[in-house]
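Chain and residue survey
These are the residues of each chain, in order.
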Protein chains: 2
Amino acid sequence: MKIKITKEHEKLKDKRSWASFINSLSGFKSVNLIGSKSSEGQENLSVISSLVHLGSNPPLMGLVIRPHSEDAPRHSLENILETHCFTLNHVSTDFFIKAHQTSARYPRDVSEFTATELEAEYIDSFHAPYVKDSSVQMGLKLRSEYYIKENKTHFIVAEIENIYTMDKAILNDGSLNIEELKTVALSGLDTYHSTNKISKLSYAKTNKKIEEL
Amino acid sequence: MKIKITKEHEKLKDKRSWASFINSLSGFKSVNLIGSKSSEGQENLSVISSLVHLGSNPPLMGLVIRPHSEDAPRHSLENILETHCFTLNHVSTDFFIKAHQTSARYPRDVSEFTATELEAEYIDSFHAPYVKDSSVQMGLKLRSEYYIKENKTHFIVAEIENIYTMDKAILNDGSLNIEELKTVALSGLDTYHSTNKISKLSYAKTNKKIEEL
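Residues numbered from 1 in each chain as written. Chains lettered and ligands numbered in written order. Predicted model: local features only at pLDDT ≥ 70, side-chain atom pairs only at ≥ 80, totals over all residues. Heavy atoms only, no water.

This part is about the environment of His75(B). Residues and elements named next belong to chain B. Structurally, His75 is set in helix α2 (residues 73-83). Between the C-alpha atom of His75 and that of Ser46, which follows or precedes it by 29 residues, the distance is 8.5 Å. With residues up to four places along the chain from it excluded, the contact list for His75 reads Asn44, Tyr106, Pro107 and Arg108. (Helix = DSSP H or I, 4+ residues; strand = E, 2+ residues; numbered from the N terminus. Contact = heavy atoms within 4.5 Å.)

Take a look at the structure:
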């Protein structure tokens, strides 16, 4: 039985509970680590769950960053705006606790790579560091920054320039088996999940029944 | 062993394979149904995986809609811009095949509710229809539309006005147990997954080890 939920709900009265609840409403979220480096060479690593696929041709990603709070991604935003590049790295079941730790409020001169013992990797002369243990690594260039006036967040649009992953996880139709790569999913602010494939479905057409492939 | 992946990869040479691959890169995605209704009363229902949490106070969601293709969400966009309201409804393991079917290119005068036999529900005089069987139903008002010039998509910012869900799934810290509600996750364009909770983690601090709660 569903009920109407408001801020007056006994479990949602305080601000943090309300935020936990609202953060659960979008559904399962991706979990990636943003690797960046200032022009002076200060590395930064920050977990992010607000990544969204924007398009394939060109390959574009969008991500929401909230700069005015004391969130860890603030330093990422500064580095991205300064150097116009960053990396995205899938978080797997092997190191999600270290990834979560990057959300602590480290001072700017502390590298979360060092603090969490996640190893940085530099590939093909790209300025920003990748996460060595990640099974899907992407190097991106900033294309635009949109200021979301409704709550003073920034929507970053970036183009994927470099991709490194396991060849064996690419299926015949081009899709990547991220479940095999042990990529995790997030619910709310702090709950990590592994996945079980239910079904791969055929392309939907108006005059044909969906098939489970 | 990871390798560098380019468009020349033997499995990624055609446009659809490349799109499947790029769509897999962001990680697991949420799956929601957008319910909308034109001012003349034509209902529309469309599956969407590009939803992102924007903020909790006010409760804001962002979603990417690609209007210039023949995608099903195009009719949703028209209705949203016309009526300034829509619903979002979690997709569960019970009806993900029907939800996927809404991505077929139905003409505007066909209601995907009728075509897929997902039942519309009207609650508290809200103009847009909810999906009756969904365990998390949200009614939203349009706040802004940002045009993403890089690939001619639209980033819709909307505020959550009404929320209906199962009281028993709200945990003591306010978070919603969407795994218990059987909400699905998506990878790529067409692969649906259920989830297994691995761990709920404590708030990260610089001077304290993360605890599994």
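In this structure, the amide linkage connecting Asn57(A) to the following residue, Pro58(A), adopts the cis form with an omega of 5°. Checked against the element boundaries, Pro58(A) lands in the loop between β5 (51-56) and β6 (59-65). One non-glycine residue, Ser125(B), adopts positive backbone phi at about 60°. Following the sequence through the fold, Ser125(B) ends up in the loop between β8 (120-121) and β9 (130-131). Look at Lys152(B): it is not a glycine, yet its phi comes out positive at around 60°.

Interface extent is often summarised as the accessible area lost during association of the parts. Contacts between the two partners involve 109 residues from chain A and, on the opposite side, 109 residues from chain B. Here chain A packs against chain B, burying approximately 9500 Å² in sum over the two surfaces, 59% of which is carbon and sulfur. Three residues stand out in chain A for area buried against chain B, namely Lys2(A), Phe28(A) and Glu150(A), and they jointly supply 8% of the buried area on that side. A salt bridge links Asp124(A) to Lys4(B), with the nearest nitrogen and oxygen atoms 3.4 Å apart. Applying the counting rule to chain A against chain B returns 64 residue pairs in polar contact (both at pLDDT 80 or more). Across the side of chain A that touches chain B, the residue classes break down as 44 nonpolar, 40 polar and 25 charged. (Buried area = accessible area lost by both parts, 1.4 Å probe. Salt bridge = Lys/Arg side-chain N within 4 Å of Asp/Glu carboxyl O. Polar contact = N/O pair within 3.5 Å; in protein donor to acceptor, adjacent residues only side chain to side chain. Nonpolar A, V, L, I, M, F, W, Y, C, P; charged D, E, K, R; others polar.)

A separate point is helix α1 (residues 15-24) of chain A. By the criterion of burial, α1(A) is predominantly enclosed, with eight of the ten residues buried. If you check which residues of α1(A) are buried, you get Ser17(A), Trp18(A), Ala19(A), Ser20(A), Phe21(A), Ile22(A), Asn23(A) and Ser24(A). At its buried positions, α1(A) is contacted by β2 (29-30) of chain A together with β5 (51-56), β6 (59-65), β7 (85-90) and β11 (153-166) of chain B. With a side-chain oxygen lying 3.2 Å from the backbone nitrogen of Arg16(A), the N-terminal cap of α1(A) falls on Asp14(A). (Buried < 20%, exposed > 50% of the residue type's maximum accessible area, 1.4 Å probe, protein only.)

So, about the environment of His90(B). Position of His90(B) among the secondary structure elements: in strand β7. For His90(B), a relative accessible area of 1% translates into the label buried. Sequence separation of His90(B) and Gln137(B) is 47 residues, and the distance between their C-alpha atoms is 6.8 Å. Here His90(B) is in contact with Ser24(A), Leu25(A), Ser26(A), Gly27(A), Val31(B), Asn32(B), Phe95(B), Ser134(B), Val136(B), Met138(B), Ile178(B) and Thr183(B), once residues within four sequence places are set aside. At a separation of 2.9 Å, a polar atom in the side chain of His90(B) contacts the side chain of Thr183(B).

What the rule picks out here adds up to 18 salt bridges over all chains. A salt bridge links Glu211(A) to Lys208(A); the nearest nitrogen and oxygen atoms lie 3.4 Å apart. When its relative accessible area of 47% is taken as the criterion, Lys208(A) is described as partly exposed. Several salt bridges converge on common partners, so that one network encompasses Asp173(A), Lys200(A) and Asp190(B).

A word on the relation of the copies chain A and chain B. Each copy of the sequence occupies a distinct position, and chain A is placed on chain B by a rotation of 180° and an axial shift of 0.0 Å, giving an RMSD of 0.0 Å. With respect to symmetry, the two chain copies, as superposed, fit the operation of a two-fold axis. Residue Thr195(A), judged by its C-alpha, is the member of chain A lying nearest the rotation axis, at 2.1 Å. A shared binding surface is used by both copies, with 99% of the interface residues of chain A retained as interface residues in chain B. (Least-squares fit on C-alpha atoms with pLDDT ≥ 70 in both.)

On to the nonpolar core. Membership of the largest hydrophobic core comes to 64 residues, with the highest contact counts inside it found for Phe21(A), Leu25(A), Phe21(B) and Leu25(B). Those residues in contact with Leu25(B) that sit more than four places away from it in its chain are Met61(A), His90(A), Val136(A), Met138(A), Ile160(A), Ile163(A) and Leu176(A). (Core = buried A, V, L, I, M, F, W, Y, C linked by side-chain atoms within 4.5 Å.)

Counted by the stated rule, this structure contains nine aromatic pairs over all chains. A ring pair is formed by Trp18(A) and Phe21(A), whose centres lie 6.1 Å apart and whose planes are at 35°; its orientation type is tilted. Taken together, the positions of Trp18(A) and Phe21(A), both in helix α1 and three residues apart, correspond to about one turn of that helix. Summarising the burial analysis for this pair, Trp18(A) and Phe21(A) share the class buried. A connected cluster of aromatic rings, assembled from ring pairs, spans Phe126(A), Tyr130(A) and Tyr164(A). The cationic tip of Arg16(A) hangs over the ring face of Tyr203(B); the distance from NZ or CZ to the ring centre is 4.7 Å. (Phe/Tyr/Trp six-rings, centres within 6.5 Å; stacked < 30°, edge-to-face > 60°. Lys NZ or Arg CZ within 6 Å of the ring centre and 35° of its normal.)

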